[in-house]
Amino acid sequence: MTGPTSPAPRRSALLRTATAVAVVVPLCTAGWFGWQALDGSGPVAATAAAQPASSPTGATPTDPSPEPATGTTTSPAPDPTPGAPTGTPTPAATPQAPAGGGDLAGRTVVLDPGHNPGNFSHPTEINRQVDVGNGHKECDTTGTETNAGYTEADYTLDVTRRARALLTARGAKVVMVQDGDRPWGPCVDERARAGADAHADVALSVHGDGAPASGSGFHVILPAKVVAGTADNSAIIEPSRRLGLLLRDRFHAATGEPYADYIAKDGLDTRSDLGGLNLSAVPKVFIECGNMRNSADARRMTDPQWRQQAAQGIADALGAFLTTH
């Protein structure tokens, strides 16, 4: 240790130090601004998403006829550990909307996440029969799940939230039929009405299948023409087929998932028993994104990166439908 410094030399040293700092700081600052101007980069902020409530799991659910609620859009939550039952996962930060509103400005999309995490706890409500035009069906079902317990309801909420973020970034108004904000349901007839209630241009219902484990792949369900009872979907048949073809091709391109090898033909199935399609007044299709009982499909569907690709394929198809003829 050195000895004490006398007062005069100490003041002189402090003055010299202050003068040096006064000169160096502006020069460093000027250099930084010059680098920023040349580099063209700046800070970027990210937006965190909120975690929704967890969903209960009960006895092994089934999805005999994938029917799928109307809530305000909310931000999603972290992705679950692949293969483990979790609360509803969600995407990362919502992309920023482009200047001028984007190419989908003024268009409205209804996204219908199949089933509801709370359906397991409300068997009486979801088993109530509702009119689907040409018959009656259960209000809703629990949906299926992977062998490890990752539920279809959690999967569909996550993927539709991711798709919502992508579509919103392009300027679209996105209405979620349910966003994990309802205790159960809604019933399939209410889901079908959501498109008309929102004055939407198009609607899409997202599902995962619960087929025998030997089958794999995805398929798109198109509406068959139904004119019976309260149903008349004649006006949506052709535009729904165009939507279905776009969805099949864009989803396959984005995910690499093959067409289903256990159902449908070339990735397309046409059905008349789904209230969500029979009663829809706007173009609408269902997508079964994979077979959750198949080990390979389950591995993909529990992977957050693959779910982002699935959302991209869905958003690409809806964007193409709304911007081409």
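Up top you'll find the structure we're talking about.
Conventions and cut-offs
- Residues numbered from 1 in each chain as written.
- Predicted model: local features only at pLDDT ≥ 70, side-chain atom pairs only at ≥ 80, totals over all residues.
- Heavy atoms only, no water.
- Phe/Tyr/Trp six-rings, centres within 6.5 Å; stacked < 30°, edge-to-face > 60°.
- Helix = DSSP H or I, 4+ residues; strand = E, 2+ residues; numbered from the N terminus.
- Buried < 20%, exposed > 50% of the residue type's maximum accessible area, 1.4 Å probe, protein only.
- Salt bridge = Lys/Arg side-chain N within 4 Å of Asp/Glu carboxyl O.
- Core = buried A, V, L, I, M, F, W, Y, C linked by side-chain atoms within 4.5 Å.
- Contact = heavy atoms within 4.5 Å.
- Disulfide = S-S within 2.5 Å.

Participant: Outline the packing of aromatic side chains, listing residues and values.
Facilitator: A full pass over the atoms with the stated rule returns 3 aromatic pairs. Considering the side-chain rings of Phe218 and Phe251, the 4.8 Å spacing of their centres and the 50° angle between planes classify their relative orientation as tilted. Of the two residues, Phe218 is situated in the loop between strand S5 (202-209) and strand S6 (219-223) and Phe251 in helix H5 (residues 237-255); the sequence distance between them amounts to 33 residues. Both rings, one in Phe251 and one in Trp306, keep their centres 6.0 Å apart while their planes meet at 80°; by these two values the pair is edge-to-face. Of this pair, Phe251 sits in helix H5 while Trp306 sits in helix H8 (residues 304-323), and the two are 55 residues apart along the sequence. As far as burial versus exposure is concerned, Phe251 and Trp306 are alike and both buried. Ring pairing ties together the aromatic residues Phe218, Phe251, Tyr259 and Trp306, which thus form one cluster.

Participant: I'd like a description of the pattern of salt bridges, backed by residues and values.
Facilitator: Tallied over the full model, the rule gives 16 salt bridges. Arg300 is the salt-bridge partner of Asp297, the closest N and O atoms lying 2.6 Å from each other. In this pair, Asp297 and Arg300 are both assigned in helix H7 (residues 295-301), 3 residues apart and thus about one turn of the helix distant. Using a relative accessible area of 1% as the deciding quantity, one classes Asp297 as buried. You can call Arg300 partly exposed: its relative accessible area is 27%. A single salt-bridge network, built from bridges that share partners, covers Asp112, Asp140, Arg191 and Lys284.

Participant: Hey, could you go over unusual backbone geometry for me, with residue numbers and the actual values?
Facilitator: The omega angle of the peptide bond from Gly185 to Pro186 is 5°, so this bond is cis rather than trans. Along the polypeptide, Pro186 turns up in the loop between strand S4 (173-176) and helix H4 (188-197). Non-glycine residue His115 carries a positive phi angle of around 70°. Here His115 shows up in the loop between strand S1 (108-113) and helix H2 (123-126). Despite not being glycine, Asp266 shows a phi value in the positive range, around 55°. One can find Asp266 in the loop between H5 and strand S9 (268-271). Residue Asp266 is classed as partly exposed on the basis of its relative accessible area, which comes to 47%.

Participant: Tell me about the nonpolar core, and please be specific about residues and values.
Facilitator: Core analysis: the largest hydrophobic core is formed by 39 residues, its most contacted members being Leu111, Tyr155, Leu167, Leu204, Ile287, Ile314 and Leu318. Listing elements by their share of this core, those giving two or more residues are S1, helix H3 (152-169), S4, S5, S6, H5, strand S10 (284-291) and H8. Per-element tally for this core: the top contributor is H8, with 10 residues. Here Ile287 is in contact with Leu204, Ser205, Val206, His207, Phe218, His219, Val220, Leu247 and Phe251, once residues within four sequence places are set aside. Grouped together as the second largest cluster of nonpolar side chains are 8 residues, Val177, Ala194, Ala200 and Val282 included.

Participant: An account of the environment of Arg170 is requested, with residue identities and associated values reported.
Facilitator: Looking at the secondary structure, you find Arg170 in the loop between H3 and S4. A relative accessible area of 25% means that Arg170 is categorised as partly exposed. The spacing of Arg170 and Gly102 is 68 residues in sequence and 4.5 Å in space, taken between C-alpha atoms.

Participant: Go over the state of the cysteines with me, naming the residues and quoting the values.
Facilitator: One pass over the structure, following the stated rule, counts 1 disulfide. Here Cys139 connects covalently by a disulfide to Cys187, the sulfurs 2.1 Å from one another. Between Cys139 and Cys187 the sulfur-sulfur dihedral comes to about -95°; the bridge is accordingly left-handed. You can see Cys139 sitting in the loop between strand S3 (136-138) and H3 and its partner Cys187 sitting in the loop between S4 and H4, a full 48 residues away along the chain. Judged by its relative accessible area of 0%, Cys139 falls in the buried class.

Geometry only, nothing functional implied.
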